[in-house]
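Remarks on the overall topology
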Amino acid sequence: MRPVGPRLRSRLRLAAVAVLPLLLTACAQQPQTEQGKKVYTLYNITLAIAVLIGVGVISMILLSCVRYRKQPGDESMPPQTHGNTVFEVVWTAIPTVIVLALFGMSFVTIRAIDKPSGNHAAIIEVRGYQWSWTFDYGTNAAGTRVLVKTESNRTPPQMIVPVGEKVHIEQRSDNVMHSFFVPAFLFKRDLIPGKANGFDITVTSPGVYHGQCAELCGTDHAQMTFSVKGVSRAEFDKWFNEFRPPLPKCEDTAKAATEYTVTALQGRAEWETPCAYLKAGGPVSLTMHNQGGLPHNIAVFEGPMTENKPVGKPGKIINSGSDTVALPALEAGKDYRFYCQVHPLMEGLVKVSP
Amino acid sequence: MTTVASRPSHATPAPKKRSKIVDYLTTTDHKKIGVMYLYFSFFAFLVGGMLALGVRAQLATPGGTMIEDPDTYNALFTMHASAMLFFFIIPIWAGWGNYIVPLQIGALDMAYPRINALSFWLLPAGFVTMFSGYLMKGGPAQAGWTEYPPLTAARFMPGYGTDLWIVGLLLVGISSTLGAINFMVTIFKMRAPGMTMFRMPVFTWNILVTSILTLLALPVLTSALIMLFIDRNYGGSFFDPGVGGNAILWQNLFWFYSHPAVYIMILPAFGLISEVIPVFSRKPLFGYKAFVFATIAIGGLGFSVWAHHMFATGQVLLPFFALMTAFIAVPTGVKFFNWIATLWQGKITFESPMLFAIGFLTMFLIGGLNGMFTASPPVDYALHDTYWVVAHIHDVLFGGSVFAVFSSFYFWYPKVTGRMMDDKLGKVHFWITFVGFNLAFFPMHMLGLEGMPRRIASYSANPQWAFLNKISTLGAFIIGVSIFPFVYNLWKSRKGPIAGNDPWKANSLEWWTSSPPPVHNFDSLPQIRSERPVLDERLQREAEAALAKGASA
Amino acid sequence: MSAVTTDEHLDSAEGRAEGMSMPLLGMVLFIASEVMFFGGLFAAYFNIRADADEWPPAGLEHLHAKLPAIFTVVLVLSSVTMHMGVMAIRRGNVRALVRWTAITLVLGLVFLAGQIYDYSTLEFTIRDGVYGSTFYTLTGFHGAHVFGGAIYLFIVLIRAMSGQFSKAHHAAVEGATMYWHFVDVVWIALFFTLYVLK
Ligand code: HEA
Ligand code: HEA
Ligand code: CUA
Ligand SMILES: [Cu+2]
């Protein structure tokens, strides 16, 4: 048989092998958090070791292929070496040492990133649902709940954090798994139903960073984006203290009745219109019609759901069809809202008319 | 117009051909069963590949205009991976194991021929079950091949697709378990005289260790699948946190199987490579025993690393799993260095099997090394569930297992058919595959570093990812093209040059018998004094011939 | 030149005297896989139980162990009787084998009947949270294994009665015995985790 792989080809391959790893450093995201910088360092060390090993091993493979290819006409047997214990020990020991070193560095970095600490500039509770996020900062000095969310799934919510300060992120989900992932932070962590999770970040420079859900969570997983905006302390305080939650405008009070039906759109985590018009005075009822495709329920609260002042009993979670909740007498002018508890983003106003 | 009556000869189908089909349908001969495995799993590869091309076509543009409904896309990659893993890579090695292992150890058949046939027939049954999801309202399974609850709970994923996926996989599970028992008993009990454990070919060793992994890991997946089925259909709440269940539990059970499963997919490939490299270097495998121990070590360590798929949950003991995962590099490294030492000072020729073996060495290496990044939890925080992991998957599974599969076809085709495959065409196949592979999967590393998550149907918010994705799509279609010379070669070589018993001047017993082997496998057996009985015999014969020549001269 | 003929090879391969016989080895391996299967179920159980604030959950009593304890004794006894059966056939006593197998089979069926009765007395179902799910899945799959074992025993019984077993040839009996012991051991583990462990 004629040997394949003249020298030129293998040289080209070698060159390619040497160049490709450079692409891997060039493409890595520049880290924008203190924690991410540690990850980045570890990544680069690992890359250096991997490239060294990779180039070394591939060179040896190609070298032996070129050097020991059979010469035409040579029918003799090569030396029949069966093994060598010293070699075996050496090439078991050296990788063991490298691996232990890599592990040691990982270990130190884990400790540095995941160490729980008490001093936080803010604690933000992140909730994920199909398919967006809420960022809950708690109540500000004016007594307003600072809860960031989107008005529809298509406009991603933005998390505001002060630059240079350690922020704690608490993660919760009461539906499926999601994962909070900001590429520029070189970090992600899953939101797990039934288990509280969390981590710290310290954003180092101002800017807007793209984030996205990284755990498959159903149909619109790819649309479950958000952003994190790093701002100065002053800017953060101003934003926090002047926060006003956007509420839907419901002005069709003429529709007010003692029974009202709201509709959840086919396959979406969205109300057809986020308004329910009910009469004050006596007991009333609110019906949800689920067009199907997603599980929903309906529950009425006084004020935002996160403050947890339920009015009446929440409805059943249904995949399609209708479900009615009976409500006690409501007072005109008070702030009532209705939600799908599976999708907290599905917020609507209950407008009570006398 | 010709009437039927005027052509009586056409009306009756040739009885011979028919009986051949019936023969295959009812056979319990390990060779025929092996061949059916090969046909079936190659078919699954084409199905999985077509689905992959759908995935790539969708991702060629940021908006993903090809598929409107993201669920259709989710089903695409779910079924792509299911076809590739459960119906292609795992069974194709079971196919070669079936055909080759009894030959390599000098046995007449597998230990339980009828159970062997059952193992095979469960596979198409599982495939039909799983893929019949495409006929159901709501489509097939679409939560990724990992099917994490609670997404797969009935309330989030209604419809029969997921249930069919579960049942299909249960059938595959029974198939694999029975197959594993069969291999183990065959290898333990049916070796020819003189074939001690440490004279067994390395391929057989790897099938043995693979079978042990299957036997011990797969039942755990079975139990998890049953629990998920109960959750979905009988109101159970194992994985539903709403009623006291535990969502992470599924991940633990799933990966307890599925990590060893990745070694089930690669160990036979290691074995094959360890057959090919010595043959085409004309040297014994360097460090045979080290190889065997490394295989056992990989198998053993494989049971203690599963949670490296769960680092980002923050719910697992990070240092332990990180350490164990990293350790797997050591026995794998031992294999690499021994392969290189086998090449070293050899007289290497580059027929197609060897070309693919060298391709395997270089490409799997990249996959192994990029696995070392995710083995470090902090780095995995950045790379988990991004295209870096997709790159890893395909580097190890395509650059590793699939390259080895191609190598095995070129290597053993002469044994199965008695004919040689066209080597030139094989080389064309190799180079197209090699180029396509690197174009398709190398850019995914960069995409992963840039933060492109996997399992997304579109990336309109990040149009800058489009360029690398286009290259990847191009590469995928080049891989698609590379299949044509291969399939053509398989077909046309059925009339290729006669191979003879031992066309490669190889080492192990399958090359002793005729090609194709007789029904009872061997008319005679050589004496087995080492792990290379056929070579020993050949050398002895050559020495005797030389002696005779010397004497007559 | 030395080439062993196939006939010799055949003899030696079939007659591999060392270690277990082929069918028995198959059974051992099968049982190993079954152990892992129940291992998965047990792992799930302990995982969930460790997570729970209360076990059993509020509103449910701890399971009554009295009746199940009796059936446990029945099943253990059946293991003993099956062992007597296999001992008998090892001596070549087919009639004793038939007798012991029949007794074992009856005891096995009594156990199953007992379990069904036990189910009927419980006030929770598989739909009632993790407690119900784990309880019925674990005991249900064990019951299914007992049922499978009973069918196996029944086949052994028929074959024994038609004189298919002898001192030299009774691999199926050995296999059935081994499987029956396994089912028994799983039950003992189940009994202690589900009914006794507080
Ligand atoms: C054939 C299949 C196969 C094989 C062999 C491997 C081998 C390895 N895999 Fe891979 N893996 C998969 C298939 C496979 N994997 C799949 C399918 C997934 C994704 C599942 C999913 O989520 O869908 C996955 C995911 C996966 C993850 C999870 C990533 C994530 O989701 O975040 C991790 C993390 O640690 C990992 C690590 C490793 C390691 C360390 C090895 C090691 O065994 C590699 C060892 C080899 C080498 C290192 C190279 C040779 C060694 C030397 C030359 C010696 C010198 C080297 C050193 C000292 C470093 N793999
Ligand atoms: C053995 C395993 C295996 C193999 C061989 C492949 C082969 C391929 N895979 Fe696959 N892949 C996986 C296992 C495998 N994959 C797994 C486990 C996942 C994870 C899934 C998950 O997240 O759940 C995955 C996920 C995955 C993704 C990520 C999807 C996502 O996260 O959104 C992508 C994207 O590009 C991809 C692409 C490909 C391509 C292009 C090939 C190609 O190599 C395919 C080549 C084959 C062909 C092309 C078919 C043969 C040709 C013909 C039939 C002729 C017709 C051809 C033409 C007309 C050109 N794969
Ligand atoms: Cu939420 Cu993906
Ligand atoms: Cu793994």
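Use the structure listed above.
Description of the structure in this document. Everything quoted here is computed from the prediction, not taken from an experiment.

So, how was this worked out
- Residues numbered from 1 in each chain as written.
- Chains lettered and ligands numbered in written order.
- Predicted model: local features only at pLDDT ≥ 70, side-chain atom pairs only at ≥ 80, totals over all residues.
- Heavy atoms only, no water.
- Helix = DSSP H or I, 4+ residues; strand = E, 2+ residues; numbered from the N terminus.
- Buried < 20%, exposed > 50% of the residue type's maximum accessible area, 1.4 Å probe, protein only.
- Lys, Arg positive; Asp, Glu negative; His and termini not counted.
- Salt bridge = Lys/Arg side-chain N within 4 Å of Asp/Glu carboxyl O.
- Donors = N, O, S within 2.8 Å, 3.2 Å for Na, K, Ca; no water.
- Tetrahedral: all angles 85-135°; square planar, octahedral: opposite > 155°, others 65-115°.
- Expected span 1.5 Å × (residues − 1).
- Bend = angle between axes of the 7 residues up to and from the residue.
- Polar contact = N/O pair within 3.5 Å; in protein donor to acceptor, adjacent residues only side chain to side chain.
- Pairing = 2+ DSSP bridges.
- Axes fitted to C-alpha atoms, helices over the stretch in contact; angles between N-to-C directions.
- Contact = heavy atoms within 4.5 Å.
- Near = heavy atom within 4 Å.
- Nonpolar A, V, L, I, M, F, W, Y, C, P; charged D, E, K, R; others polar.
- Buried area = accessible area lost by both parts, 1.4 Å probe.

**Quick notes on the side chain of Glu-215 of chain A**
As for its position among the elements, Glu-215 of chain A is in the loop between β9 (207-213) and β10 (225-231). Buried Glu-215 of chain A, no salt bridge; nearest opposite-charge side chain is Arg-455 of chain B, N-O distance 4.4 Å.

**Some points on the coordination of the iron atom of ligand 2**
All names here are of chain B. Taken together, the protein ligands of the iron atom of ligand 2 are His-80 (NE2) and His-394 (NE2), with distances of 1.9 to 2.0 Å. Given 6 donor atoms and angles of 87 to 178 degrees at the metal, the environment of the iron atom of ligand 2 is assigned as octahedral. Taken as a pair, His-80 in helix α4 (residues 70-104) and His-394 in helix α14 (residues 387-417) lie far apart in primary sequence, 314 residues in all. Both residues of the pair, His-80 and His-394, count as buried.

**Some remarks on helix α8 (residues 247-281) of chain B**
Residues and elements named next belong to chain B. With 35 residues, α8 extends 51 Å from end C-alpha to end C-alpha; this agrees with the ideal 51 Å at 1.5 Å per step. When the local axis directions of α8 are compared, the greatest deviation, roughly 30 degrees, occurs at Trp-255. In terms of residue burial, α8 counts as a mostly covered element, since 33 of its 35 residues are buried. Here α8 starts with a cap whose side-chain oxygen sits 2.9 Å from the backbone nitrogen of Ile-248, and that cap is Asn-246. Of the residues trailing α8, Arg-282 is marked for its positive phi of about 60 degrees.

**Points about the coordination of the iron atom of ligand 1**
Of all protein atoms, His-392 of chain B (NE2) alone acts as a donor to the iron atom of ligand 1, lying 2.1 Å away. Note on placement: His-392 of chain B falls in helix α14.

**Looking at the sheet that holds strand β2 (residues 132-139) of chain A**
Sheets are built from strands that pair by backbone hydrogen bonding, the pairs being arranged parallel or antiparallel. Residues and elements named next belong to chain A. One open sheet holds the 5 strands; their spatial order is β3-β2-β1-β5-β8, and the pairing between them is mixed. The open sheet has two free edges, formed respectively by β3 (145-148) and β8 (197-202), since each of these has just one partner strand. Ignoring which end each strand starts from, the neighbouring axes of this sheet average 25 degrees apart. As defined by bridge partners, strand β5 (residues 166-173) adjoins β8 across 6 bridges and the pair is classed as antiparallel. Note on β8: the bridge partner recorded for Lys-166 is Thr-202. Lying over the sheet, helix α4 (residues 233-241) contacts β1 (122-129), β2 and β3, oriented at roughly 90 degrees with respect to β2.

**Section: the site of ligand 1**
Neighbouring ligand 1 are 31 residues, the closest being Tyr-263, Asp-380, His-384, His-392 and Arg-454 of chain B. Mapping the residues adjacent to ligand 1 onto the chains of the assembly identifies chains A and B. Trp-145 of chain B places a side-chain nitrogen or oxygen 2.8 Å from an oxygen atom of ligand 1. Put simply, the parts of the chain that give the shell around ligand 1 at least two residues each are α3 (85-114) of chain A together with α8, α11 (329-343), α12 (352-374) and α14 of chain B. When residues of the shell around ligand 1 are assigned to their parent elements, the largest contribution, 6 residues, is made by α12 of chain B. Considering only residue class, the shell around ligand 1 consists of 19 nonpolar, 10 polar and 2 charged.

**Thoughts on the interface of chain B and chain A**
Taken together, the contact between chain B and chain A spans 97 residues of the former and 89 residues of the latter. Counting each side, the surface lost to burial between chain B and chain A is near 8,000 Å², with a carbon and sulfur contribution of 71%. Of all residues in chain B, Trp-344, Lys-347 and Tyr-381 of chain B bury the most surface against chain A, accounting for 9% of the area lost on that side. There are 1 salt bridge connecting chain B and chain A. For the pair chain B and chain A, the number of links is 23 residue pairs in polar contact (both at pLDDT 80 or more). Across the side of chain B that touches chain A, the residue classes break down as 60 nonpolar, 22 polar and 15 charged.

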